[in-house]
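Descriptive analysis of the structure
Residue-level listing of the chains:
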Amino acid sequence: MIEVDVALSRGDFDLNVSFASSAGVTALFGPSGSGKSTLIDLIAGLARADRGRIVVGGRVLADSEKGIFLSTRKRRVGLVFQDAMLFPHLNVRQNLRFGAFFAPRGARRLPMSEVVDKLGIGALMDRRPIDLSGGERQRVGVARALLAAPDILLMDEPFASLDVARRRKAMGLVEMTRDLFGIPIVLVSHQIEEVMRLAGQVVMIERGKIKEVGAPEAIFASARPENPSERFGVGSSLTCTASDFDARYGLTRLHHPSGEIFAAGSVATPGAATRIYVKAVDVALARKPPLETSIRTVLRGKIIRVAGGEGPLALALLELAGGEQLYASLTRMAADELQLAPGVEAFALVKAVALDEREMAAG
Amino acid sequence: MNWSDFALTPEQISAIELSLRVGLAATFCSLPFAVLVAYALARWNFPGKMLFDAFVHLPLVLPPVVTGLVLLLTFGRKAPVGAFLADHFGIVFAFRWTGAALASAVMGFPLMVRAIRLSLEAVDPRLERAASSLGAPPPAVFLLVTLPLAAPGLIAGAVLGFAKALGEFGATITFVSNIPGETRTIPAAIYTLTQTPGGDMGALSLSVIAAGLAIGALVASELLARRMRPRRKVSS
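Residues numbered from 1 in each chain as written. Chains lettered and ligands numbered in written order. Predicted model: local features only at pLDDT ≥ 70, side-chain atom pairs only at ≥ 80, totals over all residues. Heavy atoms only, no water.

This part is about the overall build of chain B. Summing up its helical and strand segments, chain B has eleven helices and zero strands in all. Overall, chain B shows an N-to-C arrangement of helices and strands of α-α-α-α-α-α-α-α-α-α-α. Each of the three principal axes of chain B carries a C-alpha extent, and together these read 65 × 60 × 30 Å. Accessible surface, chain B as shown: approximately 12,600 Å² in total, 70% of it carbon and sulfur. (Helix = DSSP H or I, 4+ residues; strand = E, 2+ residues; numbered from the N terminus. Areas by Shrake-Rupley, 256 points an atom, 1.4 Å probe, with all protein chains shown as cover.)

As a further point, take the packing of helix α3 (residues 112-119) of chain A against helix α4 (residues 134-147) of chain A. Residue and element names in this part refer to chain A. Running from N to C, α3 and α4 point in directions that differ by 155 degrees, and their axes come no closer than 10 Å. Relative to α4, the element α3 lies roughly antiparallel. Like other packed secondary-structure pairs, α3 and α4 cross with a definite hand, here right-handed. Packed against α3, whose contacting residues are Met112, Val115 and Leu119, the element α4 presents Arg139, Val142, Ala143, Leu146 and Leu147 at the interface. Class assignment for the residues of the contact of α3 with α4 results in seven nonpolar, no polar and one charged. (Axes fitted to C-alpha atoms, helices over the stretch in contact; angles between N-to-C directions. Parallel < 35°, antiparallel > 145°, perpendicular 65-115°, else oblique. Left-handed = near helix turned anticlockwise from the far one by under 90°. Contact = heavy atoms within 4.5 Å. Nonpolar A, V, L, I, M, F, W, Y, C, P; charged D, E, K, R; others polar.)

Moving on to the pattern of salt bridges. Side chains that differ in sign of charge can pair as their charged atoms come close. As enumerated under the stated definition, the model contains 20 salt bridges over all chains in all. The partner of Glu136(A) in a salt bridge is Arg127(A), with the nearest N and O atoms 3.9 Å apart. Taking relative accessible area as the criterion, Arg127(A) reaches 30% and is therefore assigned partly exposed. With a closest N to O distance of 3.5 Å, Glu222(B) and Arg226(B) form a salt bridge. Separated by four residues within a single helix, Glu222(B) and Arg226(B) lie in helix α11 (residues 200-228), roughly one turn from each other. Since its relative accessible area comes to 36%, Glu222(B) is described here as partly exposed. A residue is classified by how much of its surface remains accessible, and Arg226(B), at 45% relative accessible area, is partly exposed. Put simply, Arg59(A), Arg76(A) and Asp151(A) are held in one network by salt bridges that share partners. (Salt bridge = Lys/Arg side-chain N within 4 Å of Asp/Glu carboxyl O. Buried < 20%, exposed > 50% of the residue type's maximum accessible area, 1.4 Å probe, protein only.)

The next thing to look at is the pairing of strand β1 (residues 2-10) of chain A. Residues and elements named next belong to chain A. When β1 meets strand β4 (residues 51-56), the two strands line up antiparallel, connected through six bridges. Directly across from aspartate 5, in β4, lies its bridge partner arginine 53. One ladder, built from nine bridges, connects β1 with strand β2 (residues 13-21); its direction is antiparallel. The partner of alanine 7 across the bridge, within β2, is asparagine 16. The loop that links β1 with its antiparallel partner β2 comprises two residues; one of these, glycine 11, has a positive phi angle of about 65 degrees. (Pairing = 2+ DSSP bridges.)

Once that is clear, we can look at the environment of Val142(A). Residues and elements named next belong to chain A. Within the secondary structure, valine 142 sits in helix α4. The exposure class assigned to valine 142 is buried, which follows from its relative accessible area of 2%. Placed 116 residues apart in sequence, valine 142 and threonine 26 show a C-alpha to C-alpha distance of 17 Å. Ignoring any residue separated from it by four or fewer positions in sequence, one finds valine 142 in contact with Val80, Leu119, Met155, Leu173 and Thr177.

The analysis is restricted to geometry; functional conclusions fall outside its scope.
See the structure below:
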């Protein structure tokens, strides 16, 4: 459980944020310069708020009214930086020992061998940070933070310096940390896919203020439907069951109550529940099941509403068979010509190539 | 001229031995203070920081004779600080080799501080923050993270200070005079030889030795710094 209620003013930047979260992963989401990293600094004690209170797991880290301000080293926050910040003059083992050595005596400490084992860094112990890849460094950084027995892990854009393929692995690392070690995580990110996959709760920040707090599905589904021109941030997450892998074409068939979804590559073991994220701009709509088309994925549903207005674009929200919702971005002209209105049956066409198989999640 | 002209006299050998002693003492005694001052200048903001910075750099810009005179008026036998140290701790600087070491340390101090400050400023403060977030108290952060990372600059600063101490002349001769075996370091011995008829060859051989010592110190520091720098292992 983490409670944050802080205000800070620096020049022409004002931060005024208040939220509470008991999710395994709480994502701070927003454009750069919105105050996400400042918030991390405040929680970590690297910056001091003008006013406010920060409580992590029942411990008061800062309370301006009571004059409480714990120093960084007394806060028991594990910091995971973008570039891991391993000590370059120490090898991996010494870096890890540094974390373990200064862990508070009474804290719930994780055995080094267990952390090393689970994060798969046993073979790296005698190497120097300079001899590690970006992903390896990241794993060692997480291990080092865990060994210091933190009450919370703060991850400031931990994937930003990794390419897309490595990023997927790194996300697995965060999931593993969340699930195996049971330490709450605050994750700073500006990637919707990342947040959708990892977070239980999203704190959306813009210009130092909270815009929304809630579950990722709710937040991203309701992402400004009233303004169809801001279509690129809108998307929906669907829960499917992997059915089989077509080796001849290299496609995975995912079963969804509203239809079959095809994804490139072997993305999940048959039978596993899989969550996919469909961007509104990758969905086309048809009134009848299309006959000859390159698109294999056709999902059946009903229009809930169409947001149009005066601009060139419209955003349609469908309720798919099975109850999940899907956004589709289209031109207002198409919406009018197809006579899309609440209650109308429609077929959503999703390009398999638009689904990013590298960012699909089991679960 | 023959090779025996280059043979060192006992006086010259004593000057070399004295210079090394003075140089090492000056370097090692002033190093901790130089690190402290460099750290304060690199990491802290305090009122009067500019003034403090200027004061530290004074020996670099003042005529060495003036520095020597200030030392004489402060640490001389009858001077306030000098008398206090002599009466309470038995430490005497005036006309002793320790005074030569003090003069050399003061003259080399700004050079050491500059080199160390640069390397401290190059240490990524985020590494120090990472260390404190892991629970390390500030002295541990300094000793285990900051100092090792600044080590190449520390070595460079120490070598500069040592080389400066070997070459120091003006402040030393003003403060502790030119006493054979006690305060006659290599530069003072060279100066004395040039004032003596027929002393040119002796002055020249001492000069060669002084140059050799300075170059040796530089090479040693470079080798040390290379060993400390983390390098990527070449995998075959």
